[in-house]
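Now for the letters of each chain:
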Amino acid sequence: MNLNLNGKVAIVTGASKGIGAGIAKQLAKEGVKVVVNYASGESDADKVVGEILSEGGIALAIKADVTSASDVKRLFEKAHGTFGRIDILVNNAGIFKFGPIESVTEDVFKNQFNINVWGPVLTTQEALKYFPATGGNIVNISSSASQNPTANGSIYAATKAALDAMTVALSRELAIRNIRVNTIAPGPTVTEGVKEMGVLGTDAEQYMINATPMGRLGQPDDIASVVVFIVSDAAGWVTGDRIKASGGLQ
Ligand SMILES: NC(=O)c1ccc[n+]([C@@H]2O[C@H](COP(=O)([O-])OP(=O)(O)OC[C@H]3O[C@@H](n4cnc5c(N)ncnc54)[C@H](OP(=O)(O)O)[C@@H]3O)[C@@H](O)[C@H]2O)c1
């Protein structure tokens, strides 16, 4: 299978931890030069870059808050200035806050929409200035929750449903420029963010495992390999799609 990824350049947002770190590492293994974006986790981002470099890959950590237009502009300028091209954008940075509807404040609402939806708007706008005339690739990391929302996850699910809708619209808008836009929708995955929620080792973890036909939670690599496929030439005829990577969880 010809992936044709060697020498391409990718920006992976929120790559200092979890799924984003897994995506950055797997892309680097395929010869992609990777920008490991982060908001505050400098040492985590440096660790991801260090691992990539130690395996012979090429990577650079760049701090930028995806909700800030000036940060995103600088992220792309620095990435392009360093590597000379940008071919792939993975909109992975995201937050998830769960709680009953009564607990949703304006801040909780706006923060999730800001990072999960406005962030990808800003990065996509910037990517379009840099993608080569031959085309490009955008992957939005959604969630199984966008089509199968859980109780206490109304706002998070709404942000990811918005991202799914944006994916389809943009795939139609950008196809003429040979830019493919797809969504990968992970099921529950073991990451720093999920660990912080404190669900691992509780009944909630067992509930998620029971709901997953393959009988375990996902790992970042389970998601990353699907991203590698979707941005590769092997998936050259796939755009506007949403692929679940969830062990069968709907
Ligand atoms: N884990 C799951 O079960 C699961 C399931 C479905 C979908 N997802 C989606 O997968 C993506 C990654 O989730 P995860 O579990 O890997 O998360 P995580 O472990 O909490 O890591 C989140 C990453 O996003 C970065 N980030 C947060 N806010 C940012 C901002 N404003 N600008 C730039 N980067 C920012 C963080 O960087 P810093 O640490 O530097 O701030 C970190 O690198 C999210 O979009 C999430 O919704 C996760």
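From a predicted model like this one, the values you see are computed outputs, not experimental measurements.

Definitions and limits used
- Residues numbered from 1 in each chain as written.
- Predicted model: local features only at pLDDT ≥ 70, side-chain atom pairs only at ≥ 80, totals over all residues.
- Heavy atoms only, no water.
- Core = buried A, V, L, I, M, F, W, Y, C linked by side-chain atoms within 4.5 Å.
- Buried < 20%, exposed > 50% of the residue type's maximum accessible area, 1.4 Å probe, protein only.
- Helix = DSSP H or I, 4+ residues; strand = E, 2+ residues; numbered from the N terminus.
- Contact = heavy atoms within 4.5 Å.
- Pairing = 2+ DSSP bridges.
- Axes fitted to C-alpha atoms, helices over the stretch in contact; angles between N-to-C directions.
- Near = heavy atom within 4 Å.
- Polar contact = N/O pair within 3.5 Å; in protein donor to acceptor, adjacent residues only side chain to side chain.
- Areas by Shrake-Rupley, 256 points an atom, 1.4 Å probe, with all protein chains shown as cover.
- Nonpolar A, V, L, I, M, F, W, Y, C, P; charged D, E, K, R; others polar.
- Right-handed = clockwise from strand over helix to strand, strands pointing away.
- Phe/Tyr/Trp six-rings, centres within 6.5 Å; stacked < 30°, edge-to-face > 60°.
- Salt bridge = Lys/Arg side-chain N within 4 Å of Asp/Glu carboxyl O.

## Description of the nonpolar core
If you look at the biggest cluster of nonpolar residues, it comprises 35 residues, and the most contacted ones within it are Ile23, Leu27, Val34, Val36, Val90 and Ile184. Among the elements of the structure, β1 (9-12), α1 (18-29), β2 (33-38), α2 (42-54), β3 (59-63), β4 (88-91), β5 (136-141) and α8 (220-231) are those that each provide at least two residues to this core. Ranked by the residues each element gives to this core, the list is headed by α8, at 7 residues. Each residue touching Ile184, except ones within four places of it in the same chain, is listed here: Val139, Asn140, Ile141, Ser142, Ser143, Ile223, Val226, Val227, Ile230, Ile243 and Ala245.

## Some thoughts on the sheet that holds β4
Across the sheet, 7 strands lie side by side as β3-β2-β1-β4-β5-β6-β7; this open sheet has parallel pairing. Of all the strands in the sheet, just β3 and β7 (242-245) have a single pairing partner and so form its edges. Neighbour to neighbour, the strand axes of the sheet diverge by 20° on average, direction disregarded. Sheet topology note: the strand β6 (residues 179-186)/β7 ladder contains 4 bridges and is parallel. In the strand pairing of β7, Thr183 is matched with Arg242.

## A word on the site of the ligand
Taken together, the neighbourhood of the ligand is formed by 32 residues, with Ser16, Lys17, Gly41, Tyr156 and Thr191 sitting nearest. Here Thr189 contributes a backbone N or O atom positioned 2.8 Å from an oxygen atom of the ligand. Coverage of the ligand by the protein chains reaches 91% of its 900 Å² of free accessible surface. Only α1, β2, α5 (154-174) and α6 (192-197) provide two or more residues apiece to the shell around the ligand. Among the elements that take part in the shell around the ligand, α6 stands out by supplying 3 residues, more than any other. In terms of residue class, the shell around the ligand is built from 14 nonpolar, 14 polar and 4 charged.

## Some remarks on the side chain of Ser142
Here Ser142 lies in the loop between β5 and α5. A relative accessible area of 3% means that Ser142 is categorised as buried. There is a polar contact of 3.4 Å between the side chain of Ser142 and the side chain of Ser146. Setting aside residues no more than four positions away along its own chain, Ser142 makes contact with Tyr156, Lys160, Leu163, Asp164, Thr183, Ile184, Ala185 and Pro186.

## Re the pairing of β6
Within β6, 8 of the 8 residues are buried, which leaves the element mostly enclosed by the surrounding structure. Across 6 bridges, the pairing between β5 and β6 is parallel. From the neighbouring strand, Asn140 faces β6, where its bridge partner is Thr183. Traced from β5 through α5 to β6, the parallel crossover comes out right-handed.

## Looking at the packing of aromatic side chains
Under the counting rule described, the total for this entry stands at 4 aromatic pairs. When the ring of Phe76 is compared with that of Tyr130, the centres are 6.0 Å apart and the planes differ by 25°; the resulting orientation is stacked. Taken together, the residues Phe76 in helix α3 (residues 69-83) and Tyr130 in helix α4 (residues 106-130) connect sequence positions 54 residues apart. Of the two residues, Phe76 and Tyr130, both sit in the buried class. Residues Phe96 and Tyr156 carry aromatic rings whose centres are separated by 5.9 Å and whose planes lie at 75° to one another, so their mutual orientation is edge-to-face. Of this pair, Phe96 sits in the loop between β4 and α4 while Tyr156 is found in helix α5, placing the two residues 60 residues apart along the sequence. According to the relative accessible area criterion, Tyr156 is buried, its value standing at 9%.

## Regarding the pattern of salt bridges
This model, assessed by the stated rule, comprises 11 salt bridges. The shortest N-O distance in the salt bridge between Glu77 and Lys73 comes to 3.1 Å. Taken together, the positions of Glu77 and Lys73, both in helix α3 and 4 residues apart, correspond to about one turn of that helix. Note on Glu77: relative accessible area 39%, which makes it partly exposed. Owing to a relative accessible area of 40%, Lys73 belongs among the partly exposed residues under this scheme. Notably, a salt bridge pairs Lys129 with Glu126, separated by 3.1 Å at the nearest N-O pair. Taken as a pair, Lys129 and Glu126 lie in helix α4 at a separation of 3 residues, close to a single helical turn.

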